[in-house]
Amino acid sequence: VVIESVKAASDIEAPLDGTVTAVNDAIAADPTLVNSDPLGAGWFFRMKLSDMSELDGLMDEAAYKELVG
């Protein structure tokens, strides 16, 4: 996945293996959704994971908030 801005294009890398199943076209029309509603309408893509056990090594939202808090 690549995200483009006025100044640059950057790859978005996922920490998991899988297949992209959907792309959010709404953020192309309104890029501010990424910042204004990142947990709702501002999603980039959806994917079907190849191996659900890869989730075991990731933090949940509470652990992440504690880390950056």
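Higher on the page you've got the structure.
Bear in mind the structure is a predicted one, so any value in this text is a computation, not a measurement.

Novice: How should I be thinking about the pattern of salt bridges in this particular structure?
Specialist: Working definition: two side chains of opposite charge can pair if their charged atoms are close together. The tally for this structure, following the rule as stated, stands at one salt bridge. Here Lys65 ties to Glu61 by a salt bridge, and the two come within 3.2 Å at their closest N and O atoms. You can see Lys65 and its partner Glu61 sitting in helix H3 (residues 61-68), four residues apart, about one turn around the helix. For Lys65, a relative accessible area of 52% puts it in the exposed group. Take Glu61: its relative accessible area is 48%, and that puts it in the partly exposed class.

Novice: Can you help me understand the environment of Asp11 in this one?
Specialist: Relative to the helices and strands, Asp11 resides in strand E2 (residues 9-11). Given a relative accessible area of 58%, Asp11 falls into the exposed group. Placed 10 residues apart in sequence, Asp11 and Val1 show a C-alpha to C-alpha distance of 5.8 Å. Once you skip the residues sitting within four places of it in the chain, Asp11 turns out to touch Val1 and Val2.

Novice: Any chance you could explain a nonpolar patch on the surface here in plain terms?
Specialist: Together, Met59, Tyr64, Leu67 and Val68 make up an exposed nonpolar region whose accessible area comes to about 440 Å². Mapped onto the elements of the fold, Met59 is located in the loop between strand E4 (45-49) and H3.

Novice: What exactly am I supposed to notice about the layout of surface pockets here?
Specialist: Over the atoms, a rolled probe matching the size of one water molecule traces out where space is still vacant. Of the voids in this model, the largest pocket is the one considered here, and its volume is about 490 Å³. Lining the largest pocket are 14 residues, and of these Pro15, Trp43, Phe44, Phe45 and Met47 sit closest to its centre. Empty space within the second largest pocket amounts to approximately 310 Å³. Looking at the second largest pocket, it is lined by 15 residues, and the ones nearest its centre are Ile3, Glu4, Ile27, Ala28 and Phe44. Contributions of two or more residues to the lining of the second largest pocket are made by strand E1 (2-4), helix H1 (26-29) and helix H2 (33-36). The element contributing the most residues to the lining of the second largest pocket is E1, with three residues.

What counts and how
Residues numbered from 1 in each chain as written. Predicted model: local features only at pLDDT ≥ 70, side-chain atom pairs only at ≥ 80, totals over all residues. Heavy atoms only, no water. Salt bridge = Lys/Arg side-chain N within 4 Å of Asp/Glu carboxyl O. Helix = DSSP H or I, 4+ residues; strand = E, 2+ residues; numbered from the N terminus. Buried < 20%, exposed > 50% of the residue type's maximum accessible area, 1.4 Å probe, protein only. Contact = heavy atoms within 4.5 Å. Patch = residues over 30% accessible without salt bridge, like charges linked within 9 Å, V, L, I, M, F, W, Y side chains within 5 Å. Areas by Shrake-Rupley, 256 points an atom, 1.4 Å probe, with all protein chains shown as cover. 1 Å grid on protein atoms, 1.4 Å probe; cavity = no way out; pocket = protein on both sides within 12 Å on 5 of 7 lines; lining within 4 Å. Points joined across faces, edges and corners; volume = space filled by probe spheres on them.

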